[in-house]
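Inside the fold
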Amino acid sequence: MKKQSVILLAATLLCFTLSALAVSFEPASDTFHIPDTKPDIVITANTMLVKDGIATLEGDVRATREGDILTCNRAIVSNSPRWLLASLTPRLYRRATVPESKMIRETNLEARSIYFDSDKGRFNASDSVNVKIEERSWDLATYSWVVITADEMLGFRDSNRMIFSGNVRIRDKERFGRGHRLDYLKESATAILSGDAMVETQEPNKKTGKMEKRILEGQKITYNTETRELVSE
């Protein structure tokens, strides 16, 4: 049976060495200490090796933190500074509730490697990045999705900004776009596709009422995710 190693990043690793069986000892006072609060991250794996403050986990690695679930076959974890590098088919699943719009948002990310730097609030994924975002209303009356692929993805916690770069492709039910870079700024609800950018969409013909193809091209195409307005420059 495969053993599973559980890392509690907030707990202390305790080691005991007995010089002889005949020697009695008194356990440290915090040997069986149970933390008052849940750890920020819980990671399980088949094997674990700890050396110089770095933990290497391999085989069916699974890391959970609130609504996030990260799976992979190899993860390297540091507690100080705090960072995690996942490789060998890493996948990140995130589920979030958006009360103001009564929506449930699910995000699935795949890449060759995924890196979290908790201290700097930075996230990186590369290569062959594939992100799918799905949104459902609480009453299941509406559903939308978008898929983004790129060579690399960067995320910044403090500025709520994401950058996709290299062979960027973006597709949803209504449109398809491509370019060299995609910047998403949450605060301004703006997505900017740049570098030989192109967006193909469907719009109704005012005279016939039929949906017709429309293509926008430019070095920069700006899309407002709230008003759904597209502007090409």
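Residues numbered from 1 in each chain as written. Predicted model: local features only at pLDDT ≥ 70, side-chain atom pairs only at ≥ 80, totals over all residues. Heavy atoms only, no water.

This part covers the pattern of salt bridges. Oppositely charged side chains are able to pair whenever their charged atoms sit close together. Applying the stated criterion across every chain, the model contains 15 salt bridges. As a salt-bridge pair, Arg 91 and Glu 110 come within 3.3 Å of each other at their nearest N and O atoms. One end of the pair, Arg 91, is in strand β7 (residues 91-98); the other, Glu 110, is in strand β8 (residues 103-110), with 19 residues separating them in the sequence. A residue is classified by how much of its surface remains accessible, and Glu 110, at 39% relative accessible area, is partly exposed. The salt bridge involving Glu 134 is made with Arg 136; its shortest N-O contact spans 3.5 Å. (Salt bridge = Lys/Arg side-chain N within 4 Å of Asp/Glu carboxyl O. Helix = DSSP H or I, 4+ residues; strand = E, 2+ residues; numbered from the N terminus. Buried < 20%, exposed > 50% of the residue type's maximum accessible area, 1.4 Å probe, protein only.)

For the rest of this paragraph, the subject is the packing of aromatic side chains. Inspection of every chain in the model, using the stated rule, returns two aromatic pairs. Each ring, one from Trp 83 and one from Tyr 115, has its centre 6.1 Å from the other, and the planes form 35°; the classification is tilted. Of this pair, Trp 83 sits in strand β6 (residues 82-87) while Tyr 115 sits in strand β9 (residues 113-117), and the two are 32 residues apart along the sequence. Judged by its relative accessible area of 22%, Trp 83 is partly exposed. (Phe/Tyr/Trp six-rings, centres within 6.5 Å; stacked < 30°, edge-to-face > 60°.)

Attention now goes to the pairing of β8. In the sheet, β7 pairs with β8 via eight bridges, with the strands oriented antiparallel. Bridged to Ala 96 within β8 is Arg 105. Between the end of β7 and the start of β8, which pair antiparallel, lie four residues, with Lys 102 showing a positive phi angle near 55°. As defined by bridge partners, β8 adjoins strand β10 (residues 122-137) across eight bridges and the pair is classed as antiparallel. Bridging from a neighbouring strand, Ile 104 pairs with Arg 136 of β10. (Pairing = 2+ DSSP bridges.)

This part takes up the confidence of the model for the protein chain. When pLDDT drops low, the exact placement of atoms in the prediction is not to be read closely. Predicted confidence across the protein chain gives a mean pLDDT of 84, with 85% of residues reaching 70 or more. Low pLDDT, under 50, characterises residues 1-25; the stretch is placed with 33 contacts to residues that sit more than four places away or in other chains. (pLDDT = per-residue confidence, 0-100. Contact = heavy atoms within 4.5 Å.)

Tracing the sequence through the fold places Glu 203 in strand β14 (residues 190-204). Assessed through its relative accessible area of 33%, Glu 203 is described here as partly exposed. Distance from Glu 203 to Arg 214, taken between C-alpha atoms, is 6.7 Å for residues eleven residues apart in sequence. In this structure Glu 203 touches Lys 210, Met 211, Glu 212 and Arg 214, once residues within four positions along its chain are discounted. Among the polar contacts made by the side chain of Glu 203, one reaches the side chain of Arg 214 at a distance of 2.6 Å. (Polar contact = N/O pair within 3.5 Å; in protein donor to acceptor, adjacent residues only side chain to side chain.)

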